[in-house]
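# Examining the three-dimensional arrangement
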Amino acid sequence: MDPTSVAGYRVVERIGRGGMGVVYRARDSVLDRDVALKYVDSAGAPEGRVERLIREAKIASSLQHPGIVTIYGFVSEGPCIAMEYIRGDTLSAHLLPDGMALDKAVRLGLQIAEALHYAHQSGVIHADLKPSNIMIDLTGRAKVLDFGLAHWRLFEELQTISDSGEHLQQLAGTIPYMSPEVVMGRSLDCRSDIFSLGCVLFEMLTGLRPFSADNPAATLNSLLNRMPRGIEILHQKVPAALADLVLRMLEKDPSRRLPTLGDAIVVLRDFCDGVDVLRLRTKHRFLSVSAIRRGLPLLFTVFLGLLMYLISEPGVSGRQLRVFLAQPEYYREGEDTPMDTVIWSSVVNGLHLLGSIQPILYHRLPVEGSDPAQLAKLAGSDEWINVRFQPENPLGNVQLQRIRTGDGALLKQVQFSVPKEYLSQSSQAVLSQVLAIYRGMESRQSIGYSALSYSDYSRFVEIYSSLNQGVGDRQVLFNKLDKLISEAPGFFAAEVMAVDLAHDLFSDTEKMFYLERAKNIIGRLQFAHPNPVVVLQRKALLSIDSGDIEIAEEIVNKISSMSPGDPEVLLLRSRIAEHRGDISKALSLVTKASSMASISWSAWYRAAALAIRNGDVDTARDKVDKILNLTPGNTLALGQRGLVELLYGDVDRAVSIYKRLLEIKRHRSYLVNLGLALMLKENYQEARVNFTYALEIQPGHRVAILNLADAEMALGNREIALDLYRSVLNQKKPRGDEGAYGKMVRAQCLAHLEEYGMAIELTLEALSSSPEDPEIAYQAALVYSLVGEYESAIVNARAALRRGMDRRWFNLPVFRNTPVPDSLPENNENH
Ligand code: ATP
Ligand code: MG
């Protein structure tokens, strides 16, 4: 029976019934206001329930926030909780089957997120967030009910689920919004609420509960094991950044989930301000994966921001400002103090915060002893930042200079002191000064940045320096970096570096893990970052890697509209063309880019690499010489020069170039290429030595083993060779699609081992996936001639020659027993 009055409150009406009991509207005649009384069914309640309710109510009543219902007190006669009465409806009543209007959903979502975030920061979790626990008052404001009240109840009731279906029924309204950790009875933290909010947002936006199924048990199963249903609908209905945010909130594993609501608030606020709603209407799909990337792996071109600020310089307007930052060595003056670590990485982070700047950082510089002004030029930057630090006690003096790359003009400079003892003040000071010298540019400096610790900075710089010097195992460095970013969220510079390193490692190792990680980090960067271009550019690269060319094109168009005239767009389009096998188009795009981006040697480098693939020897030599003129001793360029000579030019020169490079650094690829040059010179003995050295540096390298086997074969050591071919095949196959080159390595080994059927099968697969690639055609010719199918061998050999492969490669001993090279016409036939 309903009570009529309790503790001076006059009960007016019953307004609802939930899992815990009944809720009434009552009148407080003294204060002349309405209150809501939430009763607790104490009949049959487990022991201690009321006491715990009091404890929870106490905590909840400490919360004071416009988005949270105020608790007035606990009435022991009820027992019930007296709280603010909200006129209005629950969120459930506002939900629509096809989702509510985007602006309303985002506005309410933001209010709820703010309320929860406030509570989390006060150490309180809700634990039962769902639409019936959110009221929308008559002014349209969201207010969250029942804070902390459910925390313990859920545990109890879930534990008894097995003995009676009753509890499940009681919990039916709660289950679709439960986090997996609640379901599994694990300990909870604020991330559990983030999951539930993800469910609520999903439902607001699409009208669908992401994990709801026919009955509570099926729903529990779906919460634990299934992808949210209706992801496509989410993507159709809402902008990519918002969809990604919701999906990150719905990660089942709390450690992969959005860690705090601070980041969500930033994104939602943007949408509320209407800033990004139109801009971000790109379809985002998760990338499926395959394919190897070959290309210039070593550059960290950090790509940022949307153009809000047009610089007046001709040729630069309409795109992001490219700002080069030299490494610490170049400004380390005086004693070697850890402060410069902090200063340098604070500048890097500051640049990342500036929406219209594209910071350019290199790791592993190929040029020794250049000064930063020259490096800034080589990077094709518009400006560079000179950082000077003079440690003095107790303050250190920092000077930041903005310098125009073209003529060295000093555009702006600031000088300030930092308290060396107080790391966070110092890093904040540096950050704000970076923002100051770029005043007027879009920035957002709120996000978590100040929470970084001194050790975060040192770890970052340690990893960066190792990469820079090319020392240390890059996979180990990646693991360190990965750990750093999970422990120090909001460290943009580290996250961007992690994506790039993961991408490089994927190219090197073909391990899917790295591609997955790269995508994962990008997912987080997408909303944590003030500007999506930094992410878009990387997404485009990863899509190309994955063979998702349509998605890549969509993203590139987007970037082009955000940062018109950016040479990066041409470079990406060139990669797309390259992926399609249209090497000449790729080459012309990259050439165009290199003419735009002042004198970036990296664009020339790519042009040279493409020209080499295209068999365009003159262009290749020309580009490489240009780089070498600018940066004498540039080892990357010298390596390319060696490749030109090895593939098409003067083999003796190739030998001497690689010998010279080996004096500078014993790199696996130099040894392998030197070995190949020696094979061409029929010096199999020395070739074998070099392949062996290469394998000492990188044991198990498949191509090096294959080459060594070929050398042994040429030397007449058939059994040794066959063992080596076998060992390639016995290696664990990389997960996923290994790509055409990987397939051809195995096909060659199989052919040598007379496993003809499988060899041909792989060859056909490689040929169909890379129909235009001369190298694949060449290797196909090789396999066919080993198999004894001379006609197919000739067809492929011709194709390889037509696409630029040099005749010399058909003189290798593997072709000894085949008529392939001799029967080829001297000139290219028309096709
Ligand atoms: P649970 O017990 O799991 O929280 P529930 O949220 O459905 O389930 P109650 O919290 O008991 O149930 O609330 C029942 C209903 O009472 C709510 O859905 C809401 O309509 C109404 N209500 C609760 N608190 C208030 C309040 N402070 N002001 C106005 N109406 C309220
Ligand atoms: Mg409730």
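Residues numbered from 1 in each chain as written. Chains lettered and ligands numbered in written order. Predicted model: local features only at pLDDT ≥ 70, side-chain atom pairs only at ≥ 80, totals over all residues. Heavy atoms only, no water.

Right, let's talk about the overall build of the chain for a bit. Helix and strand counts for the chain stand at 34 helices and 15 strands. Relative to its full complement of 831 residues, the chain shows a buried share of 58%. By sequence separation, contacts in the chain at least 24 residues apart represent 65% of the contacts at least 6 residues apart. About 33400 Å² of surface is accessible on the chain, with carbon and sulfur atoms providing 49% of the total. (Helix = DSSP H or I, 4+ residues; strand = E, 2+ residues; numbered from the N terminus. Buried < 20%, exposed > 50% of the residue type's maximum accessible area, 1.4 Å probe, protein only. Contact = heavy atoms within 4.5 Å. Areas by Shrake-Rupley, 256 points an atom, 1.4 Å probe, with all protein chains shown as cover.)

Taken together, the protein ligands of the magnesium ion (ligand 2) are Asn 133 (OD1) and Asp 146 (OD), with distances of 1.9 to 2.0 Å. Here Asn 133 is found in the loop between helix H3 (102–121) and strand E8 (134–137), whereas its partner Asp 146 is found in the loop between strand E9 (142–144) and helix H4 (151–159), with 13 residues between them in sequence. Like Asn 133, the residue Asp 146 is buried in the burial classification. (Donors = N, O, S within 2.8 Å, 3.2 Å for Na, K, Ca; no water.)

Attention now moves to the sheet that holds E9. Taken in spatial order, the three strands line up as E7-E8-E9 in an open sheet, and their pairing is antiparallel. The sheet is open, and its two edges are formed by strand E7 (88–90) and E9, each paired on a single side. Neighbour-to-neighbour, the strand axes of the sheet open up by a mean angle of 30°, direction not taken into account. Relative to E8, E7 runs antiparallel, the two being bridged by three bridges. Counted as the bridge partner of Thr 90 is Met 135 from E8. (Pairing = 2+ DSSP bridges. Axes fitted to C-alpha atoms, helices over the stretch in contact; angles between N-to-C directions.)

With that settled, the discussion passes to the site of ligand 1. What surrounds ligand 1 is a group of 24 residues, the closest being Lys 38, Glu 84, Lys 130, Asn 133 and Asp 146. Here a nitrogen atom of ligand 1 sits 2.8 Å away from a polar atom, N or O, in the main chain of Glu 84. Contributions of two or more residues to the shell around ligand 1 are made by strand E2 (9–17), strand E4 (33–39) and strand E6 (80–84). With three residues, the single largest contributor to the shell around ligand 1 is E2. Grouping the constituent residues of the shell around ligand 1 by class yields nine nonpolar, eight polar and seven charged. Both domains that furnish three or more residues to the shell around ligand 1 are identified here as domain 1 (5–85) and domain 2 (89–276). (Near = heavy atom within 4 Å. Polar contact = N/O pair within 3.5 Å; in protein donor to acceptor, adjacent residues only side chain to side chain. Nonpolar A, V, L, I, M, F, W, Y, C, P; charged D, E, K, R; others polar. Domains from an automatic or database assignment.)

Applying the stated criterion across every chain, the model contains 10 aromatic pairs. Taken together, a centroid distance of 5.1 Å and an interplanar angle of 70° make the contact between Phe 513 and Tyr 514 edge-to-face. The exposure class assigned to Phe 513 is partly exposed, which follows from its relative accessible area of 39%. Judged by relative accessible area, Tyr 514 falls into the buried class, the value being 4%. (Phe/Tyr/Trp six-rings, centres within 6.5 Å; stacked < 30°, edge-to-face > 60°.)

Attention shifts here to the environment of Lys 377. Locating Lys 377 in the fold gives a position in helix H13 (residues 372–378). On the accessibility criterion, Lys 377 (38% relative accessible area) is partly exposed. With 224 residues separating them in the primary sequence, Lys 377 and Trp 601 have C-alpha atoms 9.0 Å apart.

Before going further, it helps to spend a moment on the UniProt feature "repeat: TPR" (unreviewed entry) in the chain. Following the UniProt record, the feature "repeat: TPR" (unreviewed entry) maps to residues 668–701 here. Measuring from the first to the last C-alpha atom of residues 668–701 gives 9 Å, for a span that is 79% helix and 0% strand. (UniProt positions renumbered as here; feature names shortened; annotations may be inferred.)

You can see Ser 222 is positioned in helix H8 (residues 216–225). Classification of Ser 222 by relative accessible area gives buried; the value is 8%. Engagement of the side chain of Ser 222 in a polar contact is seen with the backbone oxygen of Phe 211, the distance being 2.9 Å. Beyond its immediate sequence surroundings of up to four residues, Ser 222 is in contact with Phe 211 and Lys 252.

On to the confidence of the model for the chain. Averaged over all residues, the pLDDT of the chain is 79; the fraction at 70 or higher stands at 80%. In the model, residues 275–317 has pLDDT below 50 throughout and makes 155 contacts with residues more than four positions away in sequence or in other chains. Within the model, pLDDT remains below 50 along residues 330–336, and this stretch shows 16 contacts once partners closer than five positions in the same chain are excluded. (pLDDT = per-residue confidence, 0-100.)

Throughout the structure, instances matching the rule amount to 36 salt bridges. Of the charged contacts in the structure, one is a salt bridge between Arg 641 and Asp 625, with a shortest N-O distance of 2.6 Å. In this pair, Arg 641 sits in helix H25 (residues 635–647) while Asp 625 sits in helix H24 (residues 617–630), placing the two residues 16 residues apart along the sequence. The shortest N-O distance in the salt bridge between Arg 688 and Glu 712 comes to 3.0 Å. Pair noted here: Arg 688 is in helix H28 (residues 684–697) and Glu 712 is in helix H29 (residues 702–714), with a separation of 24 residues, a long-range link. Overall, the relative accessible area of 22% leaves Arg 688 in the partly exposed class. Via salt bridges that share partners, Glu 13, Arg 25, Arg 27, Asp 32, Asp 34 and Arg 87 belong to a single interconnected network. (Salt bridge = Lys/Arg side-chain N within 4 Å of Asp/Glu carboxyl O.)

Before going further, it helps to examine the sheet that holds strand E1 (residues 5–6). Overall, antiparallel pairing links the six strands, which are arranged E1-E2-E3-E4-E6-E5 in an open sheet. Whereas interior strands pair on both sides, the edge strands pair on one side only; in this sheet they are E1 and strand E5 (71–75).

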